[in-house]
Amino acid sequence: MIVVVSDRPDRSQPLVDAVRAVAECRVVGTEETWDRIGPLRGVIADITLSRPEAKRCLRLLTNRPARTRTPLICLTRSSGHTAFTEARNLGATLCLSALAEPRMVVGSLVREVWPDKSVADLVITREAQRAGTLMTSLFASAQSGAVDMSNVEQGVDPVLGAIQEGGLSRWLDEVWAHDDVTFQHCLLVSGVVAAFAQNLGLSGADKQLMTRAALVHDVGKSRIPHAILNKPGRLDDDERTVMQTHAPIGHEILSASGGCDPVTLAVTRHHHEMLDGSGYPDKLCSREISDPIRLLTICDIYAALIERRPYKAPMSSRDALAILSGMDGKLEAGLVQAFGRAVQDTP
């Protein structure tokens, strides 16, 4: 945990928000005695060091029993040598100007606390954890009840932020560490969709919309028997028939829950439809399949091809793209080509 000590929480809020992008963060005042706070990874002091209560707070921190010294970054409001000396005397391991951008302060924090990590590494790990927690809650509530779309909304920014910060490949590496196959697939698809939407230059609203749809597109699997859902091998015909009900079931769950936009509802029901009418559940044909569905279907198939399964090794991106290209007539060729460029261009 990172602690921000502040005598003006309103002024420190941008810094706190930046810290929370990489780690758990707690804000305390200068009255803090440190006896109720557990293990610390680092402290940022955004306080006026000349005040007696500020000095007392930092001295208590310095004298706190610990096996290793806690990195302490002091933000000073004076660039003079005296201010830096005072901060050092109070235990600061690093002094920065209080006018420094929060992102720069966080970069310095990461170098002090996690010297083998980058800001992007920590952002992606934290955002993947947040999105994974959301998926766990989403599927638990959907098993027998409704889905709160306002909670789903909280998972959109973590995915978009991680893709923006570190690119698709880092997101995939992080998500592959998730044990549950279904959760892993939803997170993979949401990251692939976010990267594709970003590469296409979609508006912020459309990126939000598509990422939200990707997060819940497989919610119907919450009601598929575990023996089928987690079978460590290929499904037989009867099992495949049951599995295919996840699309209409997901649509029913979201419709009954309320508050779900039409695009997300359509994507959830129709993400296995094909342009030639060979898909399911409604065997839609070309003009009946909207652009958002076409986009997410490509991302869904790609994610399924590259992900690790007990019965198959992950396919390389090149081989997966070759399969997508070979599905001409089922998938929109121009969109597949654009997707290939997006995947290749994404770091």
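Structure shown above.
Note that the coordinates shown come from a computational prediction; the quantities given were computed from them, not determined experimentally. (Residues numbered from 1 in each chain as written. Predicted model: local features only at pLDDT ≥ 70, side-chain atom pairs only at ≥ 80, totals over all residues. Heavy atoms only, no water.)

### Considerations on the pattern of salt bridges
- In total, this model carries 16 salt bridges according to the counting rule given.
- Across the pair Arg51 and Asp7 runs a salt bridge, and its minimum N-O distance is 3.5 Å. Within this pair, whereas Arg51 is found in the loop between strand E3 (42-46) and helix H2 (52-62), its partner Asp7 is found in the loop between strand E1 (2-6) and helix H1 (9-20), the two being separated by 44 residues in sequence.
- When its relative accessible area of 39% is taken as the criterion, Arg51 is described as partly exposed.
- Among the salt bridges present, the one from Asp237 reaches Arg240, with a minimum N-O distance of 3.0 Å. Here Asp237 pairs with Arg240, and both are found in helix H11 (residues 237-243), just three residues apart, close to one helical turn. (Salt bridge = Lys/Arg side-chain N within 4 Å of Asp/Glu carboxyl O. Helix = DSSP H or I, 4+ residues; strand = E, 2+ residues; numbered from the N terminus. Buried < 20%, exposed > 50% of the residue type's maximum accessible area, 1.4 Å probe, protein only.)

### Some thoughts on the environment of Gln337
- Relative to the assigned elements, Gln337 resides in helix H16 (residues 333-345).
- Gln337 gets classed as exposed once you look at its relative accessible area, which sits at 52%.
- Once the C-alpha coordinates of Gln337 and Leu321 are considered, the two residues, 16 residues apart in sequence, prove to be 8.9 Å apart.

### A word on the pairing of strand E2 (residues 25-28)
- Summarising the sheet, E1 and E2 pair through four bridges and their orientation is parallel. Looking at E2, one finds that Ile2 is bridged to Cys25. (Pairing = 2+ DSSP bridges.)

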